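Chain by chain, the residues run as shown.
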Amino acid sequence: MHPRHHQLKFAARRALTAQARLQRGIWQIAESARIEIINTDGSRAPVELPHFWGKLYTPQNFAIAPPASAESGPLWLRWRDQAEGTLYVDGRPFFGFDPAHRECRLPEEFSQLEMRSHCVQSAIWHPDATGLDPQGSRLDGAEFLRRSDLHWKLYHDLAVLNELLKTAALRDNPENHLWFQEKGVMPDTHHTSPLVRRLLRDVDDACDLLDRGDLAALSAHLDQVLTALTSEPWNLDATVTGHSHIDLVWMWPESIGETKAVHTFSNVDYLMERYPEFRFGYSQPASYEAVQRRDLGLFNRVNDRIKEGRWEALGALYVESDTLTPCGEALARSFELGQAGFRKLNGEPSDILWLPDVFGYCGSLPQLMAHYGVKYFFTNKLTWNDTATFPHTSFRWIGNDGSEIVTHIHPETVQFYNGCATVGEIDRAHHKHLEADTHREMLIPTGFGDGGGGPTEEMCERIRRFRSFANLPRCEWSTIQGFYERLGAIRDQLPEQFGEMLIQFHRGTFSSQSSFKSRYRNLELALQRAEFSAVATGKGPVDAQWWKRLVFSQFHDILPGSSVHPAYVELNREFSEIIAAVEATTAENLAGDVPVHLLNPTPFEQSVWQGEHVLTLPAFGSQPVSEAAPAASPAVEVDPTRLTTRNYEATFNQQGEITSLRFGDQDVAIDGPLNQIVLHPNIPHSFNAWETDRQAMSLGIRQEQPAKVDITRHHNGLAKINFSRAIGENSRLTVTYQADALSSYLKIKYDFDWHETTTMAKAVMPTAYHGESTRFGSPLGSALRRQNPRFSVDEAFWEMPASRWALVSDDGETEGLTVVTENKYAFSNRHGALGVTLLTSPIVTGEGPGYAKAFPHSLREDIPDSDFADQGKHTFSLILAPWRAGQTAPDLHPAALADYAFLPPLTASRDDVSLPVHGLTGCTSAHIFWVQPVEDETFIVKTIESMGHRGEATLLLDDGWSATPVNGLQQVVGDPLEAGRITISPYRLQCFLIARKS
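Counting from 1, residues in each chain are numbered in the order their sequence is written. Selection of residues for local features in this predicted model requires a pLDDT of at least 70, selection of side-chain atom pairs for listing and counting requires 80 or more, and totals for whole chains, interfaces and linings are taken over all residues. Processing note: side-chain calculations cover all non-hydrogen atoms of the structure and skip hydrogens and water entirely.

1. Topic: the packing of aromatic side chains
Threshold: Any two rings among Phe, Tyr and Trp, with Trp reduced to its six-membered ring, count as a pair given centres within 6.5 Å; such a pair is stacked if its planes are under 30 degrees apart, edge-to-face if over 60, and tilted if neither. Helix numbering and strand numbering both begin at the N terminus, where a helix is a DSSP run of H or I of at least 4 residues and a strand a DSSP run of E of at least 2. A 1.4 Å probe rolled over the protein chains alone gives each residue an accessible area, and that area as a share of the maximum for its type sets the label: buried under 20%, exposed over 50%, partly exposed in between. Two limits define a charge over a ring: the Lys NZ or Arg CZ must be within 6 Å of the ring centre, and within 35 degrees of the ring normal.
Overall, the coordinates contain 42 aromatic pairs when judged by the stated rule. Each ring, one from W27 and one from W76, has its centre 5.2 Å from the other, and the planes form 70 degrees; the classification is edge-to-face. Here W76 lies in strand β6 (residues 76–81) and W27 lies in strand β1 (residues 27–32), a separation of 49 residues in the sequence. W76 carries the same exposure label as W27, and that label is buried. Relative to W250, the ring of W125 has its centre 6.3 Å away and its plane inclined at 35 degrees; by these criteria the two rings are tilted. With W125 in the loop between β10 (113–118) and β11 (137–147) and W250 in the loop between β12 (237–242) and α5 (254–274), this pair connects stretches of sequence that are 125 residues apart. Using a relative accessible area of 42% as the deciding quantity, one classes W125 as partly exposed. On the basis of relative accessible area, W250 is assigned to the buried category, the value being 8%. Members of the aromatic cluster, each reached through a chain of ring pairs, are W125, W250, W252, W384, F505, F687 and W690. The side chain of R507 reaches across the aromatic face of W798, ending 3.6 Å from its centre.

2. Points about the packing of helix α1 (residues 11–24) against helix α2 (residues 149–172)
Rules: In this analysis, axes come from line fits to C-alpha atoms, helices being fitted only over the stretch in contact, and the angle between any two N-to-C directions falls in the range 0 to 180 degrees. Just so you know how the angles are binned, under 35 degrees is roughly parallel, over 145 roughly antiparallel, 65 to 115 roughly perpendicular, and the rest oblique. Left-handed describes a crossing in which the near helix is turned anticlockwise from the far one by less than a right angle; the clockwise case is right-handed. The contact rule is simple, with two residues in contact once any of their heavy atoms fall within 4.5 Å. Ten residue types, Ala, Val, Leu, Ile, Met, Phe, Trp, Tyr, Cys and Pro, are classed as nonpolar, four, Asp, Glu, Lys and Arg, as charged, and the remainder, Gly among them, as polar.
The contact between α1 and α2 brings their axes to 9 Å, and the two run at 155 degrees. Considered as vectors, α1 and α2 are oriented roughly antiparallel to each other. In terms of crossing hand, the pair formed by α1 and α2 is left-handed. Packed against α1, whose contacting residues are A12, A15, L16, A18, Q19, L22 and Q23, the element α2 presents H151, L154, Y155, L158, A159, N162 and L165 at the interface. The residue inventory of the contact of α1 with α2, partitioned by class, reads 10 nonpolar, 4 polar and no charged.

3. As for the nonpolar core
Put simply, the rule reads: To qualify as a nonpolar core, a set must consist of buried Ala, Val, Leu, Ile, Met, Phe, Trp, Tyr and Cys residues joined through side-chain atoms within 4.5 Å.
In this structure, L87, W311, F335, L353, Y361, L365 and F469 are the most contacted members of the largest nonpolar core, which totals 192 residues. For this core, the leading source of residues is α2, giving 11 residues. Discounting residues that sit within four places of it in the chain, L365 has contacts with T323, L331, F335, L353, L355 and W397. Counting residues in hydrophobic clusters, the runner-up holds 50 residues, among them V638, L661, F827 and L839.

4. Here's the deal with the pairing of strand β38 (residues 746–754)
For a regular strand, side-chain orientation follows a simple rule: the groups alternate between the two sheet faces. Note the threshold: One requirement defines pairing of two strands: DSSP has to find at least two bridges between them.
Burial of β38 is one-sided: the residues L746, I748, Y750, F752 and W754 facing one way are buried, the residues K747, K749, D751 and D753 facing the other way are not. Pairing of strand β37 (residues 731–740) with β38, which is carried by 7 bridges, proceeds in the antiparallel orientation. Its bridge partner lying in β38, L733 is registered against F752. With antiparallel pairing between neighbouring strands as the criterion, β37 and β38 make up a hairpin whose turn holds 5 residues. Two strands pair when backbone bridges link them, and β38 and strand β47 (residues 872–884) are joined in this way by 9 bridges, in the antiparallel orientation. Each bridged residue has a counterpart across the sheet, and for I748 the counterpart in β47 is L878.

5. Some points on helix α4 (residues 215–228)
Applicable threshold: What a helix should span is 1.5 Å times the count of its residues minus one. It is the directions from the helix axis to the C-beta atoms whose arc is reported.
Compared with the 20 Å implied by 1.5 Å per residue over 14 residues, the 20 Å span of α4 between its first and last C-alpha is a close match. Buried within α4 we find L218, S219, H221, L222, V225 and L226. Viewed end-on, α4 has its buried residues packed into an arc of 165 degrees, placing them on one side of the element. The exposed residues of α4 that point more than 90 degrees off its buried face are A216, Q224 and T227. Buried residues along α4 sit against α1, α2 and α3 (194–211).

6. Thoughts on the sheet that holds strand β55 (residues 989–996)
Read across the sheet, 4 strands follow the order β50-β51-β55-β53 without closing on themselves; strand pairing throughout is antiparallel. Bordering the open sheet on either side are β50 (926–935) and β53 (961–966), each of which pairs with just one other strand. Taken over all neighbouring pairs, the strand axes of this sheet differ in orientation by 25 degrees on average, direction set aside. One ladder, built from 6 bridges, connects β53 with β55; its direction is antiparallel. Counterpart to S962 in the pairing with β55 is A995. Lying over the sheet, helix α8 (residues 328–346) contacts β50 and β51 (938–945), oriented at roughly 40 degrees with respect to β50.

7. Notes on the sheet that holds strand β46 (residues 833–840)
On the basis of which strands lie adjacent, the open sheet formed by 6 strands has the order β34-β33-β39-β46-β45-β42 and antiparallel pairing. The sheet terminates laterally at β34 (701–702) and β42 (800–801), the two strands that pair on one side only. Sheet analysis places strand β33 (residues 676–681) next to strand β39 (residues 759–766), joined by 6 bridges and oriented antiparallel. Bridging across to β39, Q676 finds its partner in V764.

8. Some details on the pattern of salt bridges
Defined as follows: Salt bridge criterion: a side-chain nitrogen from Lys or Arg within 4 Å of a carboxyl oxygen from Asp or Glu.
Enumeration over the complete set of coordinates arrives at 65 salt bridges. Ionic pairing is found between E404 and R396, a salt bridge with its closest N-O pair at 3.4 Å. With its nearest N and O atoms 2.8 Å apart, the salt bridge here joins E847 to R860. Here E847 is found in the loop between β46 and β47, whereas its partner R860 is found in the loop between β46 and β47, with 13 residues between them in sequence. On the basis of relative accessibility, which here comes to 1%, the residue E847 falls in the buried class. One network of salt bridges, in which partners are shared, links R14, R21, R201, D204, D208 and D211.

So, in structure tokens, the structure goes:
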């Protein structure tokens, strides 16, 4: 016999083979399961395997006959299908089957097994996710199993040692990856750490015991090795929480997102039965409501888990909302609905905002969090940056108004929508915790997401072994709440991060699916009108379901434009119905039997045309149409190259571009014609519907085709110039400039017949305002961003979000040009040239060859005419307005224009329609942006300062009414205003409950 060998480099290959042998010994088939299809009429038919079933998203139920064998002992079920199925045991949802969840232990007693499946790709990132067969989901059968608990235990013991060995060996020498391949010359162990040498010997000894067939000795040996491999004192602590990031809509429509919630919640409840230490957290009240509708019994079990303290319902928002595209009030309503949902689940609102997968975080978000009782914030997405690494993992996030939120970012990337609790994964996170010197704890979310069904038993087994494991943080299942409370206790020691946190990735989400963004904005405006009409007539809140549906569509794969075509078909149809219902309610509120009045829904005095006459409307007030009077000197002059009004003058070239622009006595400083239409090839390297790559910005082609010009004269004070021309290869555009004697700004309307593909259309304004920074609108307030790059991080924002407006100016914002859009959210900016992205046409998610497995055409019933987004006709507008520091009227401030310029007066046939509030005076950069009905004759007025200024203001309030400061939870936070006086500070949101004095 040979002596004991010392060629340790062979041990790694040998240990992987041993691990596979142990894995094969875990399961023994007791018998094959007999499966029947349950037809929609309740009849049944035997299944012949393999069985292909379903069109995309369709349901199919299967009956599984109980086993024939009467042998006692634990029995397991394995289900082998490409699609996602939830096992119902005696009518109760019990376990979710998908590529990450293949076996479950059945109850000791049961009489009926039913699998409720949906034909959809599941566990989207799992290595075993095969997609769907072109014939339908392939069902290969099911088996009843027995499990060898000894093999199960030995497999996981050896697996974590092998993972630790590989992680440590690759850190010693990247060439050591050859140790873990089936063949090839391996490097020697000459430059190997003592830990790796010890692990090589330990696993080699384990293989000896396995080869001898002595499993009891192998178990004792592995116990001894794992006990000795304890975590070092300098290693961190890790709070592990179960997690499943469920995309409510993405590669599937909403109905499938709801079944995924049932599927995942069933899995979590199952694991809690088997692993007492297991903890889980989930956000999104929309999912809890879906489970309550679909299976009340499961919902009640979840409620029991919440009461046990093992399941955390947290997150603050109703859905994991996009935070950059919604207007400020719409984003606030996600908090309002979300906190109401968590109050129902927990008895109190959530003080943690959970947003792992959102494409950027506006600077007003900390203020909104504080406004709604949130103290802590979690995300992961900032680790996706492609240009500069985000500088912190635990920090204090300070918003644009000074609100401060304790924040922790998980330092891994996509894995933590799909945390598998592997050694390598946790080791990488351990080394990337940037505040480890100060904050010696990290949060490890664990479980498959994006529809994957959550944590698995394998993950639970690993975490048991990681409670104290060499080189890793000490892992313990625990609560997210406890983690953040400990982090909050050292908040003063944490670094600070100021302002908005934009992600250097997924820049195309601000322009993808322009049609849906427009429809979404139309619903925001409809609800703004409806709530105003309710307040003006003394009524209470509008239908809460309308707000729920608007907020639902803020989910970060819907509004950003990254969902599949069927999802948009459904939501566009629903939004049309809701808008009609909202508008009908507005009309009903304002209906009466007096002569027609016009009601001004803005907090600014407004003059409007009535034929050739002018009617002046007080702020938040009304006037009878009969009081319209002839306009004083309203004449406008228009010819094919010029328009002139008393407030502005513009000249045009033959393309319809603006060659000069003057507001009053202020010439807009330009470096070239304004409103150039530039087409950019938009072919990103990946994530087509999400992305706009840097090279696209350098490849734009200015459209210089001459335009056909015609003039429309409505009357002496209102006319329009239309420039129509072909653009691109297959599209046409009409640009209309409005000459309006009553207006102080220039309105531009775009009518596209758009048929370009993988192309982006921009309206470019090459001004000579070369100030250091440009100001961009956010959902509340604004943000300054450098337009003249100095460092690589400045270059990262070649395409960036804004909430409908931007102001490009000289330093100090002394003079500039405001661009306000009706429903556009993507901008570019370089050295005075401001670009507004009007349309893009990426490949829609789910279309094209990249989705053939997950989204096969052969299984679809609604294939669109084109793979590309937004083909067809579009109409929208933008505004060019003057800016002069200290001289710009309140109603011409950019945020005020964005909130009200596209909100025309309402028609009323009653004369008692007005508000007891008549605007805000004193500080021109602050304005009332919304009025929200609370109950009859009680409402909330919401104000925002949008330009970073300080001052004093007065809320103009009728006698007999009081204004009391409240927060987002409608809790009183101060004394009633005296004479309406308000102190204004930069970017501060202030809300006041308006009620009659008692």
